[in-house]
Amino acid sequence: MTVITEVFRRLDNVAPSPEDLGFVYFTVNERRFVSSGNYVLVKVKVKCRLVNGVLTSPDLVPGPAIAHVGTETYNIEIPDSSTPVRLWPLIDAGMPPPTNVPGFVRNAGGIARIQRTTIAEYAAMPSKDPETLYITFES
């Protein structure tokens, strides 16, 4: 089971009022059997109230889900985590790549930069940056 959390702010860095955004809802897009608990998940929304713009969900079952934030709906994958997980990375991971951005790479964490290099140049590097993803090619 996993708790999902997130901090929401308006453009002026103020917590949204309950009229702006009072709840975030989670549900599944189809029923599914959860073998570890021996039950079936049903398509009922879990209503989560924001407190001063902060979302803290109850424990949610890992797996595919839908997050409803205001008028937007996002397909997410809830991980199995014993510590709370932020909502935005789950939303971002499921978003399509932006249009007209050649070479776009979605960073899921741990990579500071990407560098294209030949195999010979890579082999000759005295040290490699552990936060750089090297993409090698033959020259």
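Because the structure is predicted, anything quoted here is derived from the model rather than measured. (Residues numbered from 1 in each chain as written. Predicted model: local features only at pLDDT ≥ 70, side-chain atom pairs only at ≥ 80, totals over all residues. Heavy atoms only, no water.)

Asker: Help me get a handle on unusual backbone geometry, residues and values and all.
Answerer: One non-glycine residue with positive phi stands out, namely Asn38, at about 60 degrees. Secondary-structure assignment places Asn38 in the loop between strand S3 (32-34) and strand S4 (39-41). Residue classification places Asn38 among the exposed positions, given a relative accessible area of 59%. Notably, Asn100 is not glycine yet its phi reads approximately 60 degrees, a positive angle. Here Asn100 lies in the loop between helix H2 (87-94) and strand S10 (113-118). Judged by relative accessible area, Asn100 falls into the exposed class, the value being 78%. (Helix = DSSP H or I, 4+ residues; strand = E, 2+ residues; numbered from the N terminus. Buried < 20%, exposed > 50% of the residue type's maximum accessible area, 1.4 Å probe, protein only.)

Asker: Got a sec to walk through the sheet that holds strand S6 (residues 54-56)? Specific residues and values, please.
Answerer: Spatially, the three strands line up as an open sheet ordered S6-S1-S9, and their pairing is mixed. Whereas interior strands pair on both sides, the edge strands pair on one side only; in this sheet they are S6 and strand S9 (85-86). Relative to S6, strand S1 (residues 4-7) runs antiparallel, the two sharing three bridges. Residue pairing in the sheet places Thr5 in a bridge with Thr56 of S6. (Pairing = 2+ DSSP bridges.)

Asker: Kindly report on the environment of Ala123, identifying the contributing residues and their values.
Answerer: Along the polypeptide, Ala123 turns up in helix H3 (residues 119-124). For the pair Ala123 and Lys47, spaced 76 residues apart in the sequence, the C-alpha separation amounts to 54 Å.

Asker: If you had to explain the pairing of strand S8 (residues 72-78) to someone new, which residues and values would you point to?
Answerer: Bridge analysis of strand S7 (residues 63-69) against S8 gives seven bridges, and the strand direction is antiparallel. Bridging from a neighbouring strand, Ala67 pairs with Tyr74 of S8. Hairpin connection from S7 to S8: two residues lie between these consecutive antiparallel strands, with Gly70 at a positive phi of about 60 degrees.

Asker: Account for the sheet that holds S8, with residues named and values stated.
Answerer: In a beta sheet, neighbouring strands pair by backbone hydrogen bonds and run either parallel or antiparallel. Pairing within the open sheet is antiparallel, and its four strands lie in the order S5-S2-S7-S8. What marks the edges here is a single partner per strand, and that holds for strand S5 (46-49) and S8. In this sheet, neighbouring strand axes are inclined to one another by 25 degrees on average, regardless of whether the strands run parallel or antiparallel. Direction of pairing for strand S2 (residues 23-27) relative to S7: antiparallel, over a ladder of four bridges. Across the sheet, residue Phe26 finds its bridge partner in S7, namely Ala67. Relative to the sheet, H2 contacts S2, S7 and S8, its axis offset from that of S8 by approximately 100 degrees. (Axes fitted to C-alpha atoms, helices over the stretch in contact; angles between N-to-C directions. Contact = heavy atoms within 4.5 Å.)

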